[in-house]
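Inside the fold
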Amino acid sequence: MTMRRLYTLLHTLIPTAAILAAFVACSSDDVTDAGTHRPGKGVRIDLQIGTSPQEQNSSRATWSDQMARDGEMIKTCYVVMTKKEAVETVVDIFRITESTEFESHLVGSIADATTGTYKFYSFANFPAADISYTASGENATLALLTPVKLDEATPSGGWQFIKGSALTFDPTQLSYPAQYNHFPVASSTTGIPMTNIETYEVSKDVTIRLTLYRMLTKIRFDLTNTTGKELKLKTIKLGNVTPNHTAEKPSYLTFLPQRDANGGQLTTFPLPAGTAKRSTETLETNVSGETGSTLADKASFTRRVYFNESVSDHASGQFPLELQYSFTSPSEEVTRNALIKLSSLPRNNAAIVPIKITNYDVKLETFFYPPIGGYPGFREENNTEEKYYSVIFEGGGDFVMRPYVYAYADRNSPENWYELTNASLIKNYGLTVEDPDGIFTTKPHFDPVTGEILGSLDSNQSGTATVQLGVTIILTADPEVTQVFNRTIYIVKQN
């Protein structure tokens, strides 16, 4: 397996870079030649399962995978091997269990298998209420007790893989109740449930390394206090997360990972017939009173949260984030909002979200100068808390945007705000413009003297452009510390 890394821009309390890293896919999908086909004999298939070799995490020696923690590996694993001829038939069922969790393991071998197309269905860490195995020799049976087929009038479980028998159901059509928000990873659990399906064409002796994907995702919040004074964290809220399943609000995940035509991971949320649009909820993590939740200036706090794989249906297409904290001197309750610039959080992934808490913000004011003889209007949607700003224009002409930087304590005192050209407080600033609809005759750019954003709109075009404003603020509490502030500006031109 190749670890996929997506580098994206994260809008947090101080928007900074975020890394979306693959969350330890439990194994690689490598196939290694173990020899050649022996005429007159079957082929030998050796099966392995485990984690792919990845960069060693210098701070952790137990697992080779840099994203792994105790409780995130394999405890009990089943591999169902099938072959497609006239019908898909179960060739063998393997069971691997250890007293402690493991990162990789030998599954088993078949010395004289016939050549052809084989499928491997892998399952790990399911509790006894979800999966049942009966070791009865040639009739060994593995039953999936909880997954359901949503096209059934009365959903039922108990889907059985029976060694030597044809499959009577399609495992790719099974769904599973979503139940991973705030998933516990502790010694009392069976571990994180994992599944996968893989297909291999076998024409000679091979060693196949199978992959397991966790059915949940996680976020690691890395918070740093740079406000200049002590604060106490209260709650972290992540919006637009797939809710856990209830009878009143059904919520299902696909049981096996889904792939597109190019092998890319899909995130799908099947629903029973007649069920309304998939709902989402806010995942709240209360950190008040926990060790490390009181942060001195420059202190840090890390929190990991497990939850159902999710796709944001927020108007921005991103995940809203809310952080609540308080200052003790003087006493002040603070709520800050942001948008995490990720559109999906798939299973078996980890989003690392660095948040630097400061007291600075940026405000934009817009002025519009249409051609003589016309007075088209514009309106602003200044979503300061969610870190984006929209301006909707009704005609063509010149416009000016004036950015102001202010300390959070001065948010209601405009006389204390300062402009981007203040070199003692602003280290640098820049713009990135995306104009797919061609609405500008002059793209937004900075006036080198005033620091204002200037641009011109085409009277004959309509559409939406995205402008990213980046400002590096020198923090007055410590001149050696800077805050990188990013604001998304949506400019909409209507005819």
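Residues numbered from 1 in each chain as written. Predicted model: local features only at pLDDT ≥ 70, side-chain atom pairs only at ≥ 80, totals over all residues. Heavy atoms only, no water.

Right, let's get into the overall build of the protein chain. Of regular secondary structure, the protein chain possesses zero helices and 38 strands. Per-residue burial over the protein chain gives 51% buried out of 495 residues. A total of about 21,600 Å² of accessible surface is found on the protein chain, and carbon and sulfur atoms cover 48% of it. (Helix = DSSP H or I, 4+ residues; strand = E, 2+ residues; numbered from the N terminus. Buried < 20%, exposed > 50% of the residue type's maximum accessible area, 1.4 Å probe, protein only. Areas by Shrake-Rupley, 256 points an atom, 1.4 Å probe, with all protein chains shown as cover.)

This next bit is on the pairing of strand β10 (residues 141-144). Burial of β10 is two-sided: the residues T141 and A143 facing one way and the residues L142 and L144 facing the other way are all buried. As judged from the four bridges shared by strand β9 (residues 131-134) and β10, these two strands associate in the antiparallel manner. For T134, the partnering residue across the bridge sits in β10 and is T141. Count of turn residues in the β9/β10 antiparallel hairpin: six residues, of which G137 carries a positive phi of about 60°. Sheet topology places β10 next to strand β11 (residues 159-162); four bridges connect them, and they run antiparallel. (Pairing = 2+ DSSP bridges.)

In this section: the environment of E434. The topology assignment puts E434 in strand β34 (residues 426-434). When the C-alpha atoms of E434 and V467 are compared, they prove to be 6.3 Å apart, with 33 residues separating the residues in sequence. In this view, E434 contacts A465 and T466; residues no more than four positions away in its chain are not counted. (Contact = heavy atoms within 4.5 Å.)

The next thing to look at is the sheet that holds strand β38 (residues 482-493). With mixed pairing, five strands are arranged side by side in an open sheet as β30-β31-β38-β37-β34. On the outer flanks of this sheet lie β30 (378-383) and β34, each paired with one strand and no other. The sheet shows a mean angle of 15° between the axes of neighbouring strands, direction not considered. Strand direction decides the pairing type here: β30 and strand β31 (residues 388-393), joined by six bridges, are antiparallel. Each residue of the ladder has a partner; that of N383, found in β31, is Y388. (Axes fitted to C-alpha atoms, helices over the stretch in contact; angles between N-to-C directions.)

To describe a pair of aromatic rings, one takes the distance between the centres and the angle between the planes. In the structure shown here, the tally under the stated rule is 20 aromatic pairs. Each ring, one from F161 and one from F169, has its centre 5.3 Å from the other, and the planes form 65°; the classification is edge-to-face. We classify F161 as buried; its relative accessible area is 0%. On the basis of relative accessible area, F169 is assigned to the buried category, the value being 8%. Aromatic rings pair up to connect Y121, F123, F126, W159, F161, F169, Y176, Y180, F183 and F255 into one cluster. One Lys or Arg, K229, reaches over the ring of F327 and ends 4.2 Å from the middle of that ring. Of note, R402 hangs over the ring of F367, and the distance from its end group to the ring centre comes to 4.4 Å. (Phe/Tyr/Trp six-rings, centres within 6.5 Å; stacked < 30°, edge-to-face > 60°. Lys NZ or Arg CZ within 6 Å of the ring centre and 35° of its normal.)

All right, on to the side chain of S310 then. Among the secondary structure elements, S310 is positioned in strand β24 (residues 310-311). The buried category is assigned to S310, whose relative accessible area is 0%. In terms of polar contacts, S310 uses its side chain to reach the backbone carbonyl oxygen of N308, at 2.8 Å. Excluding its chain neighbours within four sequence positions, the residues that come into contact with S310 are N240, V241, T242, T267, F269, F319, S344 and L345. (Polar contact = N/O pair within 3.5 Å; in protein donor to acceptor, adjacent residues only side chain to side chain.)

Quick look at the side chain of S293 now. Its location among the elements puts S293 in the loop between β21 (281-286) and β22 (294-295). A distance of 3.2 Å separates the side chain of S293 from the backbone oxygen of V287, its partner in a polar contact. Here G289 takes part through its backbone nitrogen, which lies 3.4 Å from a polar atom of the side chain of S293. Every residue in contact with S293, bar those within four places of it in the chain, is listed here: L231, K232, L233, V287, S288 and F301.

We now examine unusual backbone geometry. Phi at N125 takes a positive value of approximately 65°, unusual for a residue other than glycine. Summarising the element assignment, N125 is placed in the loop between β8 (116-124) and β9. The backbone of N240 shows a phi angle near 65°, a positive value even though the residue is not glycine. By the secondary structure assignment, N240 is in strand β17 (residues 231-241).

Our next topic: the sheet that holds β10. Read across the sheet, three strands follow the order β9-β10-β11 without closing on themselves; strand pairing throughout is antiparallel. Each having just a single partner strand, β9 and β11 make up the two edges of the open sheet. On average, each strand axis in the sheet is tilted by 15° relative to the strand beside it, whichever way the strands run.

With that settled, consider the nonpolar core. Ranked by size, the top nonpolar core spans 29 residues in total, and within it F399, M401, V405, L457, I473, I489 and I491 carry the most contacts. Per element, the largest residue contribution to this core is five residues, and it comes from strand β37 (residues 463-474). Once residues within four sequence positions are removed from consideration, F399 is found in contact with F367, F368, F393, F440, P444, I453, L454, G455, S456, L457 and I491. Counting residues in each nonpolar core, the second largest holds 28 residues, with F221, L223, L295 and I340 among its members. (Core = buried A, V, L, I, M, F, W, Y, C linked by side-chain atoms within 4.5 Å.)

For the rest of this paragraph, the subject is the pattern of salt bridges. Applying the stated rule across the entire model yields 13 salt bridges. Note that K163 and D92 form a salt bridge whose closest N and O atoms lie 3.3 Å from each other. Separated by 71 residues along the polypeptide, K163 in the loop between β11 and β12 (175-177) and D92 in strand β6 (residues 88-102) bring together distant segments of the chain. Note on K163: relative accessible area 15%, which makes it buried. Put simply, R402 and E452 hold a salt bridge, and the shortest N to O gap is 2.6 Å. Within this pair, whereas R402 is found in strand β32 (residues 397-407), its partner E452 is found in the loop between β35 (440-446) and β36 (453-457), the two being separated by 50 residues in sequence. On the accessibility criterion, R402 (28% relative accessible area) is partly exposed. It is possible to trace a salt-bridge network through shared partners that takes in D92, E138 and K163. (Salt bridge = Lys/Arg side-chain N within 4 Å of Asp/Glu carboxyl O.)

Turning our eyes to something else, we now look at the environment of A299. The residue A299 is located in the loop between β22 and β23 (300-308) in this model. Look at A299 and you get partly exposed, because its relative accessible area is 24%. Taking the C-alpha atoms as reference, A299 lies 9.8 Å from L231; in sequence the two are 68 residues apart. The residues touching A299, leaving out its near neighbours within four places in the chain, are L223, T224 and N225.

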